[in-house]
Amino acid sequence: MKVQFVDLKAQYRSIKGEVDAAIGQVLESCAFINARGFEAEFAAYTGAKHCVGVANGTDALFMAMKALGFGPGDEVITAANTFIATAEGISWTGATPVFVDCDPVTYTLDPAQLEAAITPRTRAIVPVHLYGQPADMDPIMAIADKHDLLVVEDCAQSHGATYKGKKAGSFGKAACYSFYPGKNLGAYGDAGAVTTDDEALATDIRKLGDHGSNVKYRHDFVGANSRLDGIQGAVLSVKLKHLDAWTDQRIAAAAAYNKALKDVCVVPLTRADTRHVFHLYVIQVNNRDELMKALGEAGVGCGIHYPVPLPVTPAYADLGYEPAQFPVSCGIADKIVSLPMHGDLTAEQIQLVADVVRRVAK
Ligand SMILES: *Cc1c(COP(=O)(O)O)cnc(C)c1O
């Protein structure tokens, strides 16, 4: 028996009829470039007034921050332990990312360290709802309000997550989503979106992704080409209907892993009043290389999210950070390992994974 890290084939088989029909309709209509139907459905799902589809999650971050006017000389605070796209979105506006370490228990941006990172140049905070767990938004929003900073949420790993009864993505000025195939809501190619309640901001982001234009051949500024295409939108519309059921299956799988593993390694902790949607199920062990080798030999997929914290990754060497400034992110980077996590995991598969971890983990 093999256990895929993410099993896109099993998911496709479970929705093949619906997805094939939806793609077929796009082919018949030749409505290839836009996905307004999905945008409206996703806005309704998230509770946002507006949803603008873009080409990928990295563009969602970049375009939201570009449309908010961030640029050279501005600083934008984000988490040290996230996928590089979060910081790239900041960097491509011309602004400088400023990294803050994470909380050791939830792995999300540590609000207690936030104020020390704020300077007169700070424009915004970009919390990441990492692994599917919302960042601690109450203190983050309080600090943002106190210092008059914008908040842009990175929701690439948190489709459907909630914090104190409110959807992740509904706290800040804008929320940025990725629909990369392996995300909780994944397209069949690259795709992304920005949600916001601000109509003018939504219009600016849409124009930015359509050559600075919302009237044909009238270009108000220099834009780019970054749109959500019709085929991806059709796939996403089908999958959105299944998202909550798939999320419940992820949560059940995480509970089964927790039960089997909590006495042999550090298992994820879900903050109270939170719906953690388990994009990733991350444990900590002291002998990671040995464990990953054993998982591989047993036919179990696994990964590391992420092996090198951003402040010390070569792309950001010029910012001059030292590992000692990020004791938590740098300390866990050699211990974390992500186990298989998706909606199609069977009880037998979870048992097999847990057996390997129980046998090898130290
Ligand atoms: C996947 C991801 C992104 C980027 O999304 P793409 O669609 O791959 O460009 C941004 N932030 C986080 C936290 C991600 O996991």
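Above this text you will find the structure in question.
Analysis parameters
Residues numbered from 1 in each chain as written. Predicted model: local features only at pLDDT ≥ 70, side-chain atom pairs only at ≥ 80, totals over all residues. Heavy atoms only, no water. Pairing = 2+ DSSP bridges. Helix = DSSP H or I, 4+ residues; strand = E, 2+ residues; numbered from the N terminus. Axes fitted to C-alpha atoms, helices over the stretch in contact; angles between N-to-C directions. Contact = heavy atoms within 4.5 Å. 1 Å grid on protein atoms, 1.4 Å probe; cavity = no way out; pocket = protein on both sides within 12 Å on 5 of 7 lines; lining within 4 Å. Points joined across faces, edges and corners; volume = space filled by probe spheres on them. Nonpolar A, V, L, I, M, F, W, Y, C, P; charged D, E, K, R; others polar. Expected span 1.5 Å × (residues − 1). Buried < 20%, exposed > 50% of the residue type's maximum accessible area, 1.4 Å probe, protein only. Disulfide = S-S within 2.5 Å. Salt bridge = Lys/Arg side-chain N within 4 Å of Asp/Glu carboxyl O.

A. Just the sheet that holds strand S3 (residues 96-100), in detail. Here 7 strands make up an open sheet; going across it, the order is S1-S9-S8-S5-S4-S2-S3 and the pairing mixed. This sheet does not close on itself; its edge strands, each paired only once, are strand S1 (50-54) and S3. Across this sheet, the average inter-strand angle for adjacent strands is 25°, counted without regard to direction. Most of the contacts of helix H4 (residues 84-92) go to S3, to which it runs at about 145°, and overall it touches strand S2 (75-79), S3, strand S4 (122-126) and strand S5 (150-154). The sheet contacts of helix H6 (residues 199-208) involve S1, strand S8 (174-178) and strand S9 (192-196), and relative to S1 the element is tilted by about 15°.

B. Representation of the layout of surface pockets within the structure. By volume, the largest pocket is sized at about 500 Å³. When contributions to the lining of the largest pocket are tallied by element, the ones reaching two or more residues are helix H3 (57-67), H4 and S8. In terms of residue class, the lining of the largest pocket is made up of 16 nonpolar, 10 polar and 3 charged. Of the volumes computed, that of the second largest pocket is approximately 380 Å³. Along the wall of the second largest pocket there are 27 residues; nearest its centre are Arg-36, Glu-39, Val-52, Ala-202 and Arg-206. For the lining of the second largest pocket, the elements supplying multiple residues, two or more each, are helix H2 (36-46), S1 and H6. When grouped by side-chain class, the residues that make up the lining of the second largest pocket number 11 nonpolar, 8 polar and 8 charged.

C. Spatial organisation of helix H10 (residues 347-360). Taking 1.5 Å per residue as the helical rise, H10 with its 14 residues ought to reach 20 Å, and the 20 Å between its terminal C-alpha atoms agrees with that figure. Within H10, the full set of buried residues consists of Gln-349, Ile-350, Leu-352, Val-353, Ala-354, Val-356, Val-357 and Val-360. Buried positions along H10 lie against helix H7 (230-261), strand S11 (281-284), helix H8 (288-297) and strand S12 (336-339).

D. Region of the structure containing the state of the cysteines. Evaluated as defined, the whole model comprises 0 disulfides. Just so you know, Cys-102 is unpaired, no disulfide at all, and the nearest cysteine sulfur is the one on Cys-330, 9.6 Å from it. Given the relative accessible area of 0%, Cys-102 is considered buried.

E. The arrangement of the pattern of salt bridges in detail. Tallied over the full model, the rule gives 15 salt bridges. The closest approach of N and O atoms between Lys-207 and Asp-220, which form a salt bridge, is 2.7 Å. Of this pair, Lys-207 sits in helix H6 while Asp-220 is found in the loop between H6 and H7, placing the two residues 13 residues apart along the sequence. Residue class for Asp-220 comes out partly exposed when judged on its relative accessible area of 39%. Glu-297 is the partner of Lys-293 in a salt bridge, and the nearest nitrogen-oxygen pair spans 3.3 Å. Here Glu-297 and Lys-293 lie together in helix H8, a separation of 4 residues that amounts to about one turn. Looking at Lys-293, the relative accessible area reads 56%, which means it is exposed. Taken together, the shared-partner salt bridges connect Arg-36, Glu-39 and Arg-206 into one network.

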